[in-house]
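# Observations on the model geometry
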Amino acid sequence: EKKDGSEQRTRQRIRFRLKGKTEVSDQTQVTFGLATGSANQRSTNQTLENSFQTPDIRLDYAFVSHKMTDELTIFGGKMKNPLWTPSDLVWDSDINPDGAAFRYSRNMGLFDLILNTGVFVLDEIESDSNPSLFVVQPIAKIMIGDIKATGGLGFYFTKNVKNNKNLGYKDGADDFGNDRDKEYVPVVLSGQLDIHDKLGLALIRPFGEIVYNTNSPASNAEKGGIAGVTFGHKNVNGFGTWQVKASYRYLQSDAWLDTLPDSDAYDGKTNSKGFEVSIKYGLTKAVAMRLDVYSMDVISGSSEKQTLAQLDLSVKF
């Protein structure tokens, strides 16, 4: 990790995750996961430091899912993200929300309709004015010839986030003065195409997301977006299989809560922009390597470029 003119840092980190699932009944499942890391909701990595210190093992998620009908499922607890997220622009992939969610799915003939809704608890405070996040996300999936197209529109609403000093960076304000003068009411438009067996590639997957906070306290600070493409094999699960992902992201300071975006993209802060390139290569069915490089800078303010390179070796068992 390198910041222009100020800092260069090299870290070795490990991550261990263990998951399980049990069938309580034909309709009900309990799913749980344990992981290394700290209280940081956006990372289960453990840095190797402090003379061989013993890492923590924490509860990563634990939730119940119950099928009310063939079309309606409810979730409760600390759950794997029930929303559809084709990128990590607004949701870090390690975040497991707390609360309740509902998923309705139905085949409409020409397309599949999915409706995700969630009520998520962001914090608990003594005054009982607990910050919360509400979301409604309709999704449509349709086949266009040999191409699978997926689109979603997420409507988000926060409650008791306004002027809250217990969330986010530096006592409620990030490095760029985001003090949360209003509640957040962002809209997130998401899209993805799955193109198979074209141009000599098993998979070509263009994706993109746009976020617009309709209740931003400042003008020209409410927008964000990401555009990218993944290509290569459909899955990296054997020697010689591979995938490459390349994307460009842009996230203004008040477009989205700064506690939720990808933590590796400029430390997870808003008011940031830049490129990401990821290369994943399979060594065996269970072992793969990935090189992930970010080149990021601020949108507003003095330039402070940051380059982050991560080399991961993952083993599944």
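Quick note: structure is the one above.
First, a word on what this report is: a plain description of the structure on this page. Note that the structure is a prediction, hence the values are computed from the model and not measured.

Quick notes on the rules
Residues numbered from 1 in each chain as written. Predicted model: local features only at pLDDT ≥ 70, side-chain atom pairs only at ≥ 80, totals over all residues. Heavy atoms only, no water. Helix = DSSP H or I, 4+ residues; strand = E, 2+ residues; numbered from the N terminus. Rg over C-alpha atoms; globule rule 2.2 N^0.38 Å. Contact = heavy atoms within 4.5 Å. Areas by Shrake-Rupley, 256 points an atom, 1.4 Å probe, with all protein chains shown as cover. Lys, Arg positive; Asp, Glu negative; His and termini not counted. Charge placed at Lys NZ, Arg CZ, Asp CG, Glu CD. 1 Å grid on protein atoms, 1.4 Å probe; cavity = no way out; pocket = protein on both sides within 12 Å on 5 of 7 lines; lining within 4 Å. Points joined across faces, edges and corners; volume = space filled by probe spheres on them. Nonpolar A, V, L, I, M, F, W, Y, C, P; charged D, E, K, R; others polar. Buried < 20%, exposed > 50% of the residue type's maximum accessible area, 1.4 Å probe, protein only. Polar contact = N/O pair within 3.5 Å; in protein donor to acceptor, adjacent residues only side chain to side chain.

## Overview of the overall build of the protein
In terms of helices and strands, the protein carries 0 helices and 19 strands. The globule rule puts the C-alpha radius of gyration for 317 residues at 20 Å, and the 20 Å found for the protein is close to it. Here the C-alpha coordinates of the protein stretch approximately 50 × 45 × 40 Å along the principal axes. Looking at the protein alone, contacts between residues at least 24 apart form 53% of all its contacts between residues at least 6 apart. With the model as given, the accessible surface of the protein reaches about 17,100 Å², and the carbon-plus-sulfur share is 54%. Of the side chains in the protein, 37 bear a positive and 40 a negative charge, and the two mean positions are spaced by 5 Å.

## Examining the layout of surface pockets
Each pocket or cavity is described by its volume, and for the second largest pocket that value is around 580 Å³. Every residue lining the second largest pocket is counted, 30 residues in all, and those nearest its centre are Ala39, Gln41, Lys78, Asn96 and Asp98. The set of elements that each furnish at least two residues to the lining of the second largest pocket consists of β5 (28–36), β7 (57–67) and β10 (112–121). Residue contributions to the lining of the second largest pocket peak at 3 residues, all from β7. In the lining of the second largest pocket, the residues fall into 13 nonpolar, 10 polar and 7 charged.

## As for the environment of serine 303
Topologically, serine 303 is positioned in the loop between β18 (287–298) and β19 (306–315). Looking at serine 303, the relative accessible area reads 54%, which means it is exposed. Each C-alpha atom, one on serine 303 and one on arginine 9, is 19 Å from the other, the two residues being 294 residues apart in sequence. The residues contacting serine 303, other than those within four sequence positions of it, are Asp297 and Val298. Within the structure, serine 303 has its side chain in polar contact with the side chain of aspartate 297 (distance 2.6 Å).

## With respect to empty space enclosed by the protein
Per the counting criterion, the structure on display carries 2 cavities of 30 Å³ or more. Looking at the largest cavity, its volume works out to about 50 Å³. Lining the largest cavity, in full, are Leu89, Arg249, Leu251, Pro261, Asp262, Ala265, Gly268, Lys269, Ser272 and Met296. In terms of residue class, the lining of the largest cavity is built from 5 nonpolar, 2 polar and 3 charged. Quantified by volume, the second largest cavity comes out at close to 40 Å³. Every residue along the wall of the second largest cavity is listed here: Leu83, Trp84, Thr85, Val90, Trp91, Gln137, Tyr156, Val188, Ser190 and Glu209. Partitioning the lining of the second largest cavity into residue classes produces 6 nonpolar, 3 polar and 1 charged.

## Concerning the side chain of threonine 158
Take threonine 158: it is sitting in strand β12 (residues 147–159). Classification of threonine 158 by relative accessible area gives buried; the value is 11%. For threonine 158, the side chain forms a polar contact with the side chain of glutamate 183, separated by 2.6 Å. Among the polar contacts listed, one links the side chain of threonine 158 to the backbone nitrogen of tyrosine 184, at a separation of 2.8 Å. Ignoring sequence-local partners within four residues, the contact set of threonine 158 consists of Ser132, Leu133, Glu183, Tyr184 and Leu257.

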